[in-house]
Every structure is written in C-alpha cells, then in structure tokens.
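So you can see what is in the structure, the chains are spelled out below.
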Amino acid sequence: MTTFFLAIDPRRKNEAVYQKTIGINDWYEAGPTTRYPLGNVQGLGKLRGPMAKRGKPWVPMPILEEVTKYTLDLFIQTEDLPLPENRVTVNSRGQVEIERRETNLSAHRELIKRMKKVVRRAGFPVVLTQSLGVEATSHQCGTARMGHDAATSVVDENLKAHDLDNLWIADSSTFPSSAAVNPAITVAALSLRLGRSGQLTPGGQCSSATASSAAAISPDH
C-alpha cells in the first residue's frame, strides 16, 4: 500500500535539494500506542510541476508549478499482506497479468492520519494525498516465496528450490511478505547469506568470490 503525501505551507517555499534523505520508522513496528505495525514514511524526492501533471492532468501547469514550490513531498508505505490469489501470471496471448486485492488498509489509513498530525504540528496547514493502485507495482515480490511446505512455497529457508537439487533463488521473489520498505538491502542480505553458506560451491566451501557473485544476483527491481 502506497500513498503520495504532500504537506503544504503557503508561507514558505521548500528549497530542499536532498529531500529523499528523509525517513521515518517510528510506527514501523507495533508498540505501546500502536497495536499493529503501520509502515514507513520516506522522502518522495522534490516534486515539480511536470511530475505532478501526470497525477493531476486537468490542473493547469502554471498552478502545479507554483504549488509544488511549497510542498514537502513524502511517500507513505504499508506492508501489503500476502494473499494466495494476488499473483503475476502470463495469459494465453503472452501478456503479463496482475491479480491484486488490497490488504492492510486500516493500518495504512492510520499511518496517513498520524503523519497529518505530525506535519500540521510542524506548521503545514494543508495536506494533499493520493493513494496508488495496481499501476504502482514497483518492488514486486513473493512470486517464488520461501517456506517449509513445498505445497505453498517454492524455496526453503536456505533459498533452495523444494523440487530441484541445483536451483537457488536469491531475489525479492522469495519474500514471504512485502515489508514496508524498499527491498534492495534485504535482497543483498539474502544473497550474501546464500553465498557464504557454501551451498553454491563444490564440497560446500564458500569463497569470497562466490559471496560477491551471490550478492549481485538480483538488483532492486
């Protein structure tokens, strides 16, 4: 679940250059005031008029150009809980199809609600949000999920295929769930763990070259 979140203070321009460096994980896990994990808030990068035009094509460009001079642009992300029917398939015409039903909506709405309180307390009286649907399918994962049961997963906890003796998978397709952050670091960690385990070398001995190669198996895609 993802939402563009724009906080606006019409009294001051946002002249930030490296706005993407913002990250808030205060509610990522459950705690005394949070029954369930809510997710992550990160910088969207500085939004400009032409970028906003894609989401609001009916708004005149001069208005978008002016408004985005005053926005603090954030990206709110909540874990999309796994459902067996949520999947990527190829139909008989060779076209990729995505079946997806949204989950964890209440947690996502709560995270947006809390961020609204934070930015208004910080002096931003206006908040605009736009949730993203199936068109925002970056960081897809879980299509070859790991697990103990071969009937419901493709690889085991060591990333080895249940049904093949010479196949390991070390990218985000093995994630049992999507998490609520970008997956690149987790993919790298899984790849390094596999490389260092010795499973990919004759005799089970791990080499530094193997570990380095495993880390490069899959980029953040």
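Let me sum up the structure you'll find in this document. Bear in mind that the values here come from a model prediction, so they are computed numbers and not experimental data. (Residues numbered from 1 in each chain as written. Predicted model: local features only at pLDDT ≥ 70, side-chain atom pairs only at ≥ 80, totals over all residues. Heavy atoms only, no water.)

### A short note on a nonpolar patch on the surface
Now for step 1: Residues Val 88, Val 90, Val 96, Ile 98 and Val 134 make up a contiguous nonpolar surface patch of roughly 410 Å² in combined accessible area.
Now for step 2: Listed by contribution, the elements that provide at least two residues to the nonpolar patch are strand E5 (87-90) and strand E6 (96-99).
Now for step 3: Val 96 sits in the exposed class, given a relative accessible area of 59%. (Patch = residues over 30% accessible without salt bridge, like charges linked within 9 Å, V, L, I, M, F, W, Y side chains within 5 Å. Areas by Shrake-Rupley, 256 points an atom, 1.4 Å probe, with all protein chains shown as cover. Salt bridge = Lys/Arg side-chain N within 4 Å of Asp/Glu carboxyl O. Helix = DSSP H or I, 4+ residues; strand = E, 2+ residues; numbered from the N terminus. Buried < 20%, exposed > 50% of the residue type's maximum accessible area, 1.4 Å probe, protein only.)

### With respect to the packing of aromatic side chains
Now for step 1: Going through the model one piece at a time under the given rule, you end up with one aromatic pair.
Now for step 2: Measuring from centroid to centroid gives 6.0 Å for Phe 4 and Phe 75, while their planes differ by 55°, and the two rings are tilted. Taken together, the positions of Phe 4 in strand E1 (residues 2-8) and Phe 75 in strand E4 (residues 71-77) put the pair 71 residues apart, joining distant regions of the chain.
Now for step 3: One cation-aromatic arrangement involves Arg 12 over Phe 124; the distance from NZ or CZ to the ring centre is 4.9 Å. (Phe/Tyr/Trp six-rings, centres within 6.5 Å; stacked < 30°, edge-to-face > 60°. Lys NZ or Arg CZ within 6 Å of the ring centre and 35° of its normal.)

### Here's the deal with the sheet that holds E1
Now for step 1: Taken in spatial order, the five strands of this open sheet run E2-E3-E4-E1-E7, and their pairing is antiparallel. Edge positions in the open sheet fall to strand E2 (23-24) and strand E7 (126-132), since each of these has one partner strand only. (Pairing = 2+ DSSP bridges.)

### Focus: the pairing of E6
Now for step 1: Sheet analysis places E5 next to E6, joined by four bridges and oriented antiparallel. Opposite Thr 89, over in E6, you have Glu 97 as the bridge partner.
Now for step 2: Connecting the antiparallel pair E5 and E6 is a turn made up of five residues, with Gly 94 showing a positive phi of about 80°.

### Things to note about the pattern of salt bridges
Now for step 1: Taken as a whole and assessed by the stated rule, the structure comprises eight salt bridges.
Now for step 2: Here Asp 80 makes a salt bridge to Arg 100, at a shortest N to O gap of 3.2 Å. Here Asp 80, found in the loop between E4 and E5, pairs with Arg 100, found in the loop between E6 and helix H3 (105-121); they are 20 residues apart in sequence, far enough to count as distant.
Now for step 3: The class of Asp 80 is buried, set by a relative accessible area of 19%.
Now for step 4: Salt-bridge contacts for Asp 165 lead to Lys 160; the nearest nitrogen and oxygen are separated by 3.6 Å.
Now for step 5: With relative accessibility at 68%, the residue Asp 165 sits in the exposed group.
Now for step 6: We classify Lys 160 as buried; its relative accessible area is 19%.
Now for step 7: Within this structure, Asp 9, Arg 11 and Arg 12 form a network of salt bridges that share partners.

### Describing the nonpolar core
Now for step 1: Residues Phe 5, Ile 76, Met 115 and Val 119 are the most contacted members of the largest nonpolar core, which totals 15 residues.
Now for step 2: Within the residue set of this core, elements represented by two or more residues are E1, E4 and H3.
Now for step 3: Judged by nonpolar contacts, the second largest core, of 10 residues, contains Met 146, Ile 169, Phe 175 and Val 187. (Core = buried A, V, L, I, M, F, W, Y, C linked by side-chain atoms within 4.5 Å.)

### Remarks on the pairing of E1
Now for step 1: Taking burial as the measure, the seven residues of E1 include six buried ones, the bulk of the element.
Now for step 2: Pairing between E1 and E4: seven bridges, direction antiparallel. Paired with Phe 5 across the two strands is Leu 74, which belongs to E4.
Now for step 3: The pairing of E1 with E7 spans seven bridges and is classified as antiparallel. Pairing of Thr 2 across the sheet is with Leu 132, part of E7.

Read these as geometric descriptors, not functional statements.
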